[in-house]
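Spelled out, the chains give:
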Amino acid sequence: MSEERVSYKDLDDDGKRERIASMKDRAATSKEKYGKGSYYSWGETIDDIKNANGAGETAVAGVKWAGKSLFNIGKFTVAEVIPGFAKAAAEAAEDKLKNKK
């Protein structure tokens, strides 16, 4: 059986600190895990578009460029944006907890 996750607002201060630390750890781990590797280079794909003969080859080269662009955007989102938001949310919660009277 799995444990039910307690809502953040229902945690005591120590529980909130643990949850914040966990959020920061997950953000760092995600950034490290998905940030490895390289992005697709557009240079080769642009050359394919320039050197394409006819509408068919140009369309195929354009689809390749679009696919590589979508992959790069997705990878950037997963590797940088989402962990950044998670880290910022954890830091905001931490600041709020520190300033609590």
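Provided above is the structure to which this section pertains.
One numbering rule holds for all chains: residues counted from 1, following each sequence as written. Since the coordinates come from a predicted model, pLDDT governs what is reported: local features require at least 70, and pairs of side-chain atoms require 80 or more to be given and counted, while whole-chain, interface and lining totals use all residues. Values shown for side chains rest on all heavy atoms present in the structure; no hydrogens or waters enter the calculation.

1. Details of the packing of helix H1 (residues 13-35) against helix H3 (residues 54-98)
- Angles shown run from 0 to 180 degrees and are taken between the N-to-C directions of axes, each axis being a line fitted to C-alpha atoms and, for helices, limited to the stretch in contact. For helices the rule is a DSSP run of H or I covering at least 4 residues; for strands it is a run of E covering at least 2, with both sets numbered from the N terminus onward. Direction vectors running N to C along H1 and H3 enclose 160°, while the axes themselves pass 8 Å from each other. In terms of orientation, H1 lies roughly antiparallel with respect to H3. The element H1 and its partner H3 pack so that their crossing is left-handed.
- Residues are grouped as follows: Ala, Val, Leu, Ile, Met, Phe, Trp, Tyr, Cys and Pro are nonpolar; Asp, Glu, Lys and Arg are charged; all remaining types, including Gly, are polar. Grouping the amino acids of the contact of H1 with H3 by side-chain chemistry returns 12 nonpolar, two polar and 10 charged. Should an angle lie under 35 degrees it is considered roughly parallel, over 145 roughly antiparallel, and from 65 to 115 roughly perpendicular; all remaining angles are considered oblique. By definition, turning the near helix anticlockwise from the far helix through less than a right angle yields a left-handed crossing, and turning it clockwise yields a right-handed one.

2. Some points on the environment of Gly-84
- Among the secondary structure elements, Gly-84 is positioned in helix H3.
- Accessibility here uses a 1.4 Å probe with only protein chains present; expressed as a share of the type maximum, an area under 20% marks a residue as buried, one over 50% as exposed, and anything in between as partly exposed. When its relative accessible area of 35% is taken as the criterion, Gly-84 is described as partly exposed.
- Put simply, Gly-84 and Lys-31 are 53 residues apart on the chain and 8.4 Å apart in space, counted from C-alpha to C-alpha.

3. A short note on the pattern of salt bridges
- The salt bridge definition used is simple: a Lys or Arg side-chain nitrogen within 4 Å of an Asp or Glu carboxyl oxygen. Counted under the stated rule, the structure contains two salt bridges.
- Note that Asp-14 is salt-bridged to Arg-17, the shortest N-O span being 3.4 Å. Taken together, the residues span about one helical turn, with Asp-14 and Arg-17 both in helix H1 at a distance of three residues.
- Across the salt bridge formed by Lys-24 and Glu-94, the nearest N and O atoms sit 2.6 Å from each other. On the criterion of sequence distance, the pair formed by Lys-24 in helix H1 and Glu-94 in helix H3 is long-range, its members being 70 residues apart.
- Residue Lys-24 is classed as partly exposed on the basis of its relative accessible area of 27%.
- You can call Glu-94 partly exposed: its relative accessible area is 26%.

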